[in-house]
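Residue-level listing of the chains:
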Amino acid sequence: MKNLILIAMITFLGFSVQAQTKKNKNLKYTTEVNGNCEQCKKRIEKAAFSVPGVKTVSWDISSHQLTVILNEEKSSPEDLNKAIAKVGHDTKEVKATQTDYDNLHTCCKYERD
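This section reports on the structure supplied with the text. Keep in mind that what you see is a predicted model, and the values were worked out from it rather than measured. (Residues numbered from 1 in each chain as written. Predicted model: local features only at pLDDT ≥ 70, side-chain atom pairs only at ≥ 80, totals over all residues. Heavy atoms only, no water.)

Topic: the sheet that holds strand S2 (residues 54-59)
An order of S1-S3-S2 is seen for the 3 strands of this open sheet, with the pairing classed as antiparallel. At either margin of the open sheet sits one strand with a lone partner, and together these are strand S1 (27-32) and S2. Geometrically, the sheet is characterised by an average inter-axis angle of 15 degrees between neighbouring strands, direction not taken into account. Across 5 bridges, the pairing between S2 and strand S3 (residues 65-70) is antiparallel. When the bridges of S3 are listed, Val-57 appears paired with Val-68. Helix H2 (residues 38-49) contacts S2 and S3 of the sheet and is inclined by roughly 165 degrees relative to S2. (Pairing = 2+ DSSP bridges. Helix = DSSP H or I, 4+ residues; strand = E, 2+ residues; numbered from the N terminus. Axes fitted to C-alpha atoms, helices over the stretch in contact; angles between N-to-C directions. Contact = heavy atoms within 4.5 Å.)

What follows is the structure, encoded as structure tokens:
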């Protein structure tokens, strides 16, 4: 009987913890993305929109700031950073592979850290 009560309590607590980790449907996320020109802007924004749950995207050429609103129930900021790195642009959190960077147009190649 005690085991049954203990199992019921653990199950109830487990559901309580899950209910408290609600994900944001309109997370505003900003990060730095390296790039140089209008071609970069189009490529970065297209990569961001390819991530499920992304609602709005804006990359500023002069400041290199990417601002995104995304649904965390469908994807995470990490997914977004990986998608952008996959098209050759380093983010603050994820670096593009050398192969992906080398595939960029000559005018899009930026100074890497």
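Details of the pattern of salt bridges
Going through the model one piece at a time under the given rule, you end up with 3 salt bridges. A salt bridge links Glu-78 to Lys-82, with the shortest nitrogen-to-oxygen separation between them at 3.1 Å. On the criterion of helical spacing, the pair formed by Glu-78 and Lys-82 is a turn pair, its members being 4 residues apart in helix H3 (residues 77-86). Overall, the relative accessible area of 45% leaves Lys-82 in the partly exposed class. In this structure, Asp-90 and Arg-112 form a salt bridge, with 2.8 Å as the shortest nitrogen-oxygen distance. Taken together, the residues Asp-90 in the loop between H3 and helix H4 (98-102) and Arg-112 in the segment after H4 connect sequence positions 22 residues apart. Judged by its relative accessible area of 25%, Arg-112 falls in the partly exposed class. (Salt bridge = Lys/Arg side-chain N within 4 Å of Asp/Glu carboxyl O. Buried < 20%, exposed > 50% of the residue type's maximum accessible area, 1.4 Å probe, protein only.)

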